[in-house]
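Each chain is listed here by its residues.
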Amino acid sequence: MEASGSTQAAARGVEGKTYDGSCFCGAVKFTVTGEPAAMGYCHCESCRHWSAGPVNAFSLWKPEAVRVTQGADRIGTYNKTPKSYRKWCKTCGGHLFTEHPMWGLVDVYAAVIPDFPYRAGVHVNYQETKLHLKDGLPKLKDLPKEMGGSGASLPE
Ligand SMILES: [Zn+2]
Ligand SMILES: [Zn+2]
């Protein structure tokens, strides 16, 4: 009998509740456990172009909190830059997550973990926005200082 997702996560030193994620067709399944390091919306050109959407709802996790449970051989990877290794399902084309090795974090798209209680805290790369969102959250021009950005804010 297989151990539950949360038991396996605890074995890797990750505490907390486990949530299921999957690609669009369900061939690839994965879990996230615990709390993400950050959540928010990215307005950068790369996120918009790759997602074919106006904004990317991100959640950033330590790599050990993300575990592929099915269909690992169906996962495609593309890295235009060494900063971002973008992952998708080779069967349906559905996006999964993006590894950011320089930050030691994985961006799991909010849309692929529907049961996770997503709460955006910040907008990043707002200087590139194509969709102004007047939600009262901070709007960073690029990225926080601790992630190599200016940390500067912009009006909504
Ligand atoms: Zn799929
Ligand atoms: Zn982005």
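Residues numbered from 1 in each chain as written. Chains lettered and ligands numbered in written order. Predicted model: local features only at pLDDT ≥ 70, side-chain atom pairs only at ≥ 80, totals over all residues. Heavy atoms only, no water.

1. Let's talk about the pairing of strand 8 (residues 95-100)
1) Next: The pairing of strand 7 (residues 84-89) with strand 8 spans 4 bridges and is classified as antiparallel. Looking across to strand 8, one finds that Arg86 is bridged to Thr98.
2) Next: Of the strand pairs in this sheet, strand 8 and strand 9 (residues 105-109) are connected by 4 bridges, and their pairing is antiparallel. Each residue of the ladder has a partner; that of Glu99, found in strand 9, is Val106.
3) Next: A loop of 4 residues connects strand 8 with strand 9, the two strands running antiparallel in sequence, and Gly104 in this loop sits at a positive phi of about 65°. (Pairing = 2+ DSSP bridges. Helix = DSSP H or I, 4+ residues; strand = E, 2+ residues; numbered from the N terminus.)

2. Digging into the side chain of Asp107
1) Next: Tracing the chain through its elements places Asp107 in strand 9.
2) Next: Salt bridges are absent for the buried Asp107, whose nearest opposite-charge side chain, Arg86, sits at 6.7 Å.
3) Next: Of note is the side chain of Asp107, whose polar atom sits 3.2 Å from the side chain of Asn56.
4) Next: When residues no more than four places from it in sequence are discounted, the contact partners of Asp107 are Asn56, Phe58, Ser59, Leu60, Phe97, Thr98 and His100. (Buried < 20%, exposed > 50% of the residue type's maximum accessible area, 1.4 Å probe, protein only. Lys, Arg positive; Asp, Glu negative; His and termini not counted. Salt bridge = Lys/Arg side-chain N within 4 Å of Asp/Glu carboxyl O. Polar contact = N/O pair within 3.5 Å; in protein donor to acceptor, adjacent residues only side chain to side chain. Contact = heavy atoms within 4.5 Å.)

3. So, the layout of surface pockets
1) Next: Each pocket or cavity is described by its volume, and for the largest pocket that value is around 700 Å³.
2) Next: Lining the largest pocket are 30 residues, and of these Cys44, Ser46, Ser84, Arg86 and His100 lie nearest its centre.
3) Next: Those elements that place two or more of their residues in the lining of the largest pocket are strand 3 (38-42), helix 2 (45-51), strand 4 (56-61), strand 6 (75-81), strand 7, strand 8, strand 9 and strand 10 (122-124).
4) Next: The element best represented in the lining of the largest pocket is helix 2, accounting for 5 residues.
5) Next: The class makeup of the residues in the lining of the largest pocket is 16 nonpolar, 8 polar and 6 charged. (1 Å grid on protein atoms, 1.4 Å probe; cavity = no way out; pocket = protein on both sides within 12 Å on 5 of 7 lines; lining within 4 Å. Points joined across faces, edges and corners; volume = space filled by probe spheres on them. Nonpolar A, V, L, I, M, F, W, Y, C, P; charged D, E, K, R; others polar.)

4. Observations concerning the coordination of the zinc ion (ligand 1)
1) Next: Around the zinc ion (ligand 1), the protein contributes the donor atoms Cys23 (SG), Cys25 (SG), Cys89 (SG) and Cys92 (SG), at 2.3 to 2.4 Å from the metal centre.
2) Next: Geometry at the zinc ion (ligand 1) is tetrahedral, judged from the 4 donor atoms that bind it and their angles of 105 to 116° at the metal.
3) Next: Summarised as a motif, the one-chain spacing of the donors to the zinc ion (ligand 1) is C-x1-C-x63-C-x2-C. Here Cys25 is found in the loop between strand 1 (18-22) and strand 2 (29-33), whereas its partner Cys89 is found in strand 7, with 64 residues between them in sequence.
4) Next: For Cys25, a relative accessible area of 42% corresponds to the partly exposed category. (Donors = N, O, S within 2.8 Å, 3.2 Å for Na, K, Ca; no water. Tetrahedral: all angles 85-135°; square planar, octahedral: opposite > 155°, others 65-115°.)

5. Points about the sheet that holds strand 9
1) Next: Strand order in the open sheet made by the 7 strands is 6-7-8-9-4-3-10, with mixed pairing throughout. Of all strands in the sheet, those bounded by a partner on one side alone are strand 6 and strand 10. Direction aside, neighbouring strands of the sheet carry axes that sit 30° apart on average. (Axes fitted to C-alpha atoms, helices over the stretch in contact; angles between N-to-C directions.)

Everything listed here is a matter of coordinates, which is why it stays silent on function.
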